[in-house]
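Observations on the three-dimensional arrangement
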Amino acid sequence: MDTEKVESLHFIEQIVEDDIANGKHEGRVLTRFPPEPNGYLHIGHAKSICLNFGLAQKYGGKTNLRFDDTNPTTEETEYVNAIKNDVRWLGFEWDGEELYTSNYFDQLYDYAVQLIKDGKAYVDDSTAEEIAALKGTPTEAGKDSPYRSRSIEENLDLFERMKAGEFPDGARVLRAKIDMTSPNMLMRDPLIYRIKHETHHRTGDKWCIYPMYDFAHGQSDSIEKITHSICTLEFENHRPLYDWCINSLGIFPSRQIEFARLNLNYTVMSKRRLLLLVKDGHVNGWDDPRMPTISGLRRRGYTPASIRNFAKRVGIARRENVIDISLLEFSIREDLNKTAARVMGVLNPVKLVITNYPEGQVEEMEMINNPEDDSMGSRKVPFSRELYIEREDFMEDAPKKFFRLSQGKNVRLKGAYIIHGTDCIKNDAGEITEIHCTYYPNSRSGSDESGVKAKGTLHWVSTAHNIKAEVRIYDRLFLDETPLGHKDKDFLEFINPDSLKTITAYVEPSLKTAKSGDRFQFMRKGYFCVDPDSTETDLVFNRTVTLKDSWAKKNKKK
RNA sequence: UGACCCAUGGUGUAAUCGGUAACACAGCGGUUUUUGGUACCGUCGUUCAAGGUUCGAGUCCUUGUGGGUCAACCA
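Read on for a plain summary of the structure.

What counts and what doesn't
- Residues numbered from 1 in each chain as written.
- Chains lettered and ligands numbered in written order.
- Predicted model: local features only at pLDDT ≥ 70, side-chain atom pairs only at ≥ 80, totals over all residues.
- Heavy atoms only, no water.
- Pairing = 2+ DSSP bridges.
- Helix = DSSP H or I, 4+ residues; strand = E, 2+ residues; numbered from the N terminus.
- Contact = heavy atoms within 4.5 Å.
- Axes fitted to C-alpha atoms, helices over the stretch in contact; angles between N-to-C directions.
- Near = heavy atom within 4 Å.
- Polar contact = N/O pair within 3.5 Å; in protein donor to acceptor, adjacent residues only side chain to side chain.
- Buried < 20%, exposed > 50% of the residue type's maximum accessible area, 1.4 Å probe, protein only.
- Salt bridge = Lys/Arg side-chain N within 4 Å of Asp/Glu carboxyl O.
- Core = buried A, V, L, I, M, F, W, Y, C linked by side-chain atoms within 4.5 Å.
- Domains from an automatic or database assignment.
- 1 Å grid on protein atoms, 1.4 Å probe; cavity = no way out; pocket = protein on both sides within 12 Å on 5 of 7 lines; lining within 4 Å.
- Points joined across faces, edges and corners; volume = space filled by probe spheres on them.
- Nonpolar A, V, L, I, M, F, W, Y, C, P; charged D, E, K, R; others polar.
- Phe/Tyr/Trp six-rings, centres within 6.5 Å; stacked < 30°, edge-to-face > 60°.
- Lys NZ or Arg CZ within 6 Å of the ring centre and 35° of its normal.
- Parallel < 35°, antiparallel > 145°, perpendicular 65-115°, else oblique.

**Some details on the sheet that holds strand β3 (residues 99–100)**
Pairing in this open sheet of 3 strands is parallel, and the strands run β1-β2-β3 from one edge to the other. At either margin of the open sheet sits one strand with a lone partner, and together these are β1 (30–33) and β3. Strands in contact with helix α7 (residues 213–224) are β1, β2 (62–67) and β3; relative to β2, the strand with the most contacts, it is inclined by about 140°.

Next comes the structure, spelled out in C-alpha cells:
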C-alpha cells in the first residue's frame, strides 16, 4: 500500500488539535479577527483572516469579527465599513453581528472596579513624564509611584470621578498594581484606563475614560469565550499581562497564541506608513492598485481565491519572514490562467498592412475564449487588411532567436492567417510608421492547407474595428527590496517614479460590454481588469500582472 | 547590562515528537504549444557554530553566535 501522505499541521493547528483531543472547552473552537478601525486592511491582515477563519472552518468552529475600538481619537466608522467589506470579499462570514470592544465598556469598567477592590489597581496622579521616569528601562528596574499605596476607598472614589468627567485629559490614570521591578516592562504597573474627553464613533459622549489595549483585549476575548486568541509576535511580551488580567479577574481563560506577521519585499506594510502614502498623495487612496491593501489588490484585479491560496502558501510559523512578491504574483497568475477570458489588445500599436488582402473585406475570425476551459466557448473577432500589432513584435535585422515579424519571415496572426514580412515605412526620425506584409490565403486558422511554417504568433486588432481604452500599467511601488532597511534613508526615497504609466491601447471590439471588475488576459501581454473609473464610453483597464515572459527575461540578461 | 522569542537551500514552509532532509516559489536547462503563456521533464542548492547524550541528532542537553520584540495615557 502506498504511504498515505499525512498532511502536516502548523503549530497552531497542532495546539488546536491537542486541545480538542484533551476535551478543552468541550472541543469548542472560537477564534476572532480583531481589527482596529483606524485604517484599511492589508495583505498581512488577509493572512490573519485566513488563519482565524480557516481554523474555525477546519475544526467546526466559528469566528467573531470584533472591532477593537478603545481609542476614539483615531477610529472611524468609514474604516469599519471598509473592513467588513474586505472580510466578506475575501470569502469569510463572521458569526452573527459584528462585535465591538466598545460593547463591553460597562463590563470592562466593572472589571476595573473589581481590581481596585481587590487591591490590584490604583489611580495615579502622575504626569506621563513622571510615570515614564519611574518606569525604568529594560535593564533597570522601575520604582513605585508615590500614589501606589492609596487606599481602596480613595481609588474607588477617584476612579468614579474620572468616569464622571471631573478631571481633564491626562490628569489621572488607572494602573494595575503588579510589579515595578519585573523584567517585563509591561508588568511594571501598566496603565489600564486613561481619560480622553472625546466622542467615540459608537458610544458617543457616554464615556470620557477608555480602557487601554491590555485591559480590553483579553477581557473581550474572555467575555466572548474565545478559545484561541491569535495575534502577531509583537504581542508576545503582553501574554503574561493578558493572563494576569484573566486570572486576577477569575474569568474565562482564553489563550493568546502568537505567530509571525507577513512581510513582503518591495513594499511597506504598516498602517502608519500606508496612511502616509495616502495622505501625502504618493498614491491615489487606500485602494490604489499599487497598495498592498486588500482594497488595492482587489482594484488591481486580484481574486479572493488567489489571496487565500497565497495565505496558505506562506505558512504559519514563529520566525520573522520576508515573502517574495513573486509568490503573490504566482498565485494570481495561477487563478487567472484558469478563469480569465483571453482577448486581444495592442498596447503600443504600429500599423500593419496586408498588401495582398482585398481592400474593404472583413472576415470574422473565431477565437477560443480560454484554452484552459472549453466551457467558456468562443467569440468572433473582425479581421481586415489593416491591423495594429505590437511595435515590439516587428524588428528589422532580427536575430535568429526572434520568433516574431521581420522582413522575409513568416509569423502567424493569432486565430487568422500566416503572413510574410516584406518591408516597412519610416518617418524622418527613422521611426517605423507602417509595416507591409503579404498573407497566405490558404493558411486560415482551423483550415490551414498552406504547409507554411511560422515560429511565432502575434496578437492584433483591426484598425477599423477596435476600441480605444485607457490602460494603467502598474509596477511595484518601491524600487528597493527592503525600503525600510536603510538606516539613513527614508522609505519614501525608494518610491518608484514609474509605478504607474497610463497609456492608450487598442482593444478588440468584444470588450465593448466589459464591466467594472471584469478580468481578462490580454494575450501575450498579461492580465487586466476593468477599473471602477471605467464608463460605457471610456474603458479603463488596470494591469494586474504580466504574463511570465521568458523572452523579455532572456533579453534583459544581455 | 534584563526578560521573552527565533535560527533548515536565494525565499517561505515541512520532516507527526531521535531513524539517513521534502514541498512550493524564484533561478537555470529542455519538451510540447496557433499566447516566448499554460502543462510537463530535468537541474541547482539546505539543517548558525562548538561540544555532549545516542548504534543513530535538523529534532534532546550545554555553551556560544546571530536576529527579533519590549522603556506610547497606540493597538
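Read on, since the account is not over.
**Observations concerning the protein's contact with RNA strand B**
Taken together, 65 residues are adjacent to RNA strand B, and Glu 236, Arg 319, Arg 342, Arg 404 and Ser 445 come closest. Sugar plus phosphate, as a fraction of atoms of RNA strand B within 4 Å of the protein: 60%. Between Asp 68 and RNA strand B, the recorded distance is 3.0 Å, taken from a side-chain N or O atom to a sugar or linking oxygen. Separating a sugar or linking oxygen of RNA strand B from a side-chain N or O atom of Lys 414 is a distance of 2.8 Å.

**So, unusual backbone geometry**
At Lys 225, a position not held by glycine, the phi torsion is positive, near 60°. Take Lys 225: it is sitting in the loop between α7 and β8 (228–232). Assessed through its relative accessible area of 42%, Lys 225 is described here as partly exposed. Of note, the phi angle at Tyr 266 is positive, near 60°, even though the residue is not glycine. By the secondary structure assignment, Tyr 266 is in the loop between β9 (255–259) and α9 (271–279).

**Some details on the pattern of salt bridges**
Counting across every chain of the model gives 39 salt bridges. For the salt bridge of Glu 366 with Lys 380, the shortest nitrogen-to-oxygen distance reads 3.9 Å. In this pair, Glu 366 sits in strand β13 (residues 363–368) while Lys 380 sits in strand β14 (residues 378–383), placing the two residues 14 residues apart along the sequence. Through salt bridges that share partners, Asp 287, Arg 299, Glu 470, Arg 472, Asp 531 and Asp 533 make up one connected network.

**What about the nonpolar core?**
Across soluble globular proteins, nonpolar side chains have a tendency to be buried as a group. Counting residues in each nonpolar core, the largest one holds 36 residues, and the members touching the most others are Ile 43, Ile 49, Val 87, Leu 90, Leu 264, Ile 307 and Phe 310. Sorting the residues of this core by element identifies α2 (43–58), β2, α3 (77–89), α10 (294–300), α11 (304–314) and α12 (325–339) as the ones contributing at least two each. Ranked by residues supplied to this core, first place goes to α2 with 5 residues. If you count residues domain by domain, this core takes at least three from each of domain 1 (11–261) and domain 2 (271–341 + 469–557). Not counting residues within four places of it along the chain, the set of residues in contact with Ile 307 comprises Ile 43, Ala 46, Trp 89, Leu 90, Leu 297 and Tyr 302. Residues Phe 105, Leu 158, Tyr 193 and Trp 244 belong to the second largest nonpolar core, which totals 34 residues.

**Re the layout of surface pockets**
Size it by volume and the second largest pocket reaches roughly 930 Å³. The wall of the second largest pocket is formed by 36 residues, among which Pro 34, Glu 36, His 45, Phe 235 and Lys 271 lie closest to the centre. For the lining of the second largest pocket, the secondary structure elements donating two or more residues are β1, α2, α7, β8 and α9. With 4 residues, α9 is the largest single contributor of residues to the lining of the second largest pocket. By residue class, the composition of the lining of the second largest pocket is 13 nonpolar, 12 polar and 11 charged. Among the domains, domain 1 (11–261) and domain 2 (271–341 + 469–557) are the pair contributing at least three residues each to the lining of the second largest pocket.

**Comments concerning the side chain of Ser 331**
Looking at the element boundaries, Ser 331 is found in helix α12. In this structure the side chain of Ser 331 is engaged in a polar contact, spanning 3.0 Å, whose partner is the backbone oxygen of Leu 327. Leave out the neighbours within four places in its chain, and Ser 331 touches Ser 306, Asn 309, Phe 310 and Arg 313.

**Observations regarding empty space enclosed by the protein**
What the rule picks out here adds up to 1 cavity of 30 Å³ or more. For the largest cavity, the calculated volume is near 40 Å³. Forming the walls of the largest cavity are Tyr 213, Asp 214, His 217, Gly 218, His 238, Leu 241, Tyr 242 and Gln 256. Those elements that provide at least two residues to the lining of the largest cavity are α7 and α8 (239–249). Among the residues forming the lining of the largest cavity, the class breakdown is 3 nonpolar, 4 polar and 1 charged.

**Regarding the pairing of strand β5 (residues 173–176)**
Covered by surrounding structure in β5 are Val 173 and Arg 175 together with Leu 174 and Ala 176, the residues of both alternating faces. The pairing of strand β4 (residues 121–124) with β5 spans 4 bridges and is classified as antiparallel. Following the sheet pairing, Asp 124 is matched in β5 by Val 173. Bridge analysis of β5 against strand β6 (residues 191–195) gives 3 bridges, and the strand direction is antiparallel. Note that in β6 the partner of Val 173 across the bridge is Arg 194.

**What about the packing of aromatic side chains?**
Two numbers describe a pair of aromatic rings. These are the distance of the centres and the angle of the planes. What the rule picks out here adds up to 24 aromatic pairs. Between Tyr 417 and Tyr 439, the ring centres sit 4.8 Å apart and the planes meet at 80°, which makes this aromatic pair edge-to-face. Note that Tyr 417 is positioned in the loop between β16 (410–413) and β17 (418–426) and Tyr 439 in strand β18 (residues 432–439), a separation of 22 residues in sequence. For Tyr 417, a relative accessible area of 4% translates into the label buried. Connected via pairs of aromatic rings, a cluster forms that spans Phe 105, Tyr 109, Phe 159, Tyr 193, Trp 207, Tyr 210 and Phe 215. Over the ring of Tyr 109 we find Lys 163, and its NZ or CZ is 4.4 Å from the ring centre. A cation over a ring is seen here: Arg 476 above Tyr 266, with NZ or CZ 3.9 Å from the ring centre.

**Structural notes on the packing of α2 against α11**
To describe two helices that pack against each other, one gives the angle between their axes and the distance between the axes. It is the contact of α2 with α11, at a shortest axis distance of 9 Å, that shows an interaxial angle of 80°. Relative to α11, the element α2 lies roughly perpendicular. Residues Ile 43, Ala 46, Lys 47 and Cys 50 of α2 form the contact with α11, whose own contacting residues are Ile 307, Arg 308, Phe 310, Ala 311 and Val 314. Classifying every residue of the contact of α2 with α11 by side-chain character gives 7 nonpolar, no polar and 2 charged.

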